[in-house]
Amino acid sequence: MPREPDWYDVGAADALQDDGVVAGVAGGIQVAVFRVGNSLHALHDLCSHGQARLSDGFVENGCVECPLHQGLVEIATGLPRSSPIVNPVQTYRVRVVGGRIEVSVR
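Residues numbered from 1 in each chain as written. Predicted model: local features only at pLDDT ≥ 70, side-chain atom pairs only at ≥ 80, totals over all residues. Heavy atoms only, no water.

The chain appears in an unreviewed UniProt entry as Rieske (2Fe-2S) protein from Pseudoxanthomonas spadix. The annotation that UniProt attaches to the chain under Cofactor (unreviewed entry) is "[2Fe-2S] cluster". (UniProt positions renumbered as here; feature names shortened; annotations may be inferred.)

## Considerations on the sheet that holds strand 8 (residues 91–97)
Strand order across the open sheet formed by six strands is 1-9-8-4-3-2, with antiparallel pairing between neighbours. Because the sheet does not close on itself, it has two edges, and the strands there are strand 1 (8–12) and strand 2 (21–26). Here the strands of the sheet are splayed against their neighbours by 35 degrees on average, with no regard to which way each runs. (Pairing = 2+ DSSP bridges. Helix = DSSP H or I, 4+ residues; strand = E, 2+ residues; numbered from the N terminus. Axes fitted to C-alpha atoms, helices over the stretch in contact; angles between N-to-C directions.)

## Description of unusual backbone geometry
In this model, Ser83 is joined to Pro84 through a cis peptide bond whose omega is 10 degrees. By secondary structure assignment, the location of Pro84 is in the loop between strand 7 (72–74) and strand 8. Unusually for a residue other than glycine, Asp19 sits at a positive phi of about 60 degrees. Here Asp19 is to be found in the loop between strand 1 and strand 2. For Asn61, which is not glycine, the phi dihedral falls at a positive 55 degrees. Topologically, Asn61 is positioned in the loop between strand 5 (58–60) and strand 6 (63–65).

Here it is in structure tokens:
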């Protein structure tokens, strides 16, 4: 029987506005949770090109811009959308339970 993944609380869902981001820690991993329209998406909070937190980036049109390199990452998939980023960013499952955002890093 498969084990239920571990879910970690990273903040209040009502604090997250459209095109907004909440940074947190889930299972010892820094994560960034973004609201794009009615959907929430969680990414590893580190640009795959260098040591920059994506939660500090500019969000527009479903992408986040790395604050250090200005490369774009698609929030829903973690896929790179412009140079210098060429490697995807890890995505994680996210849900809302009792008004709290939870992320699974398994």
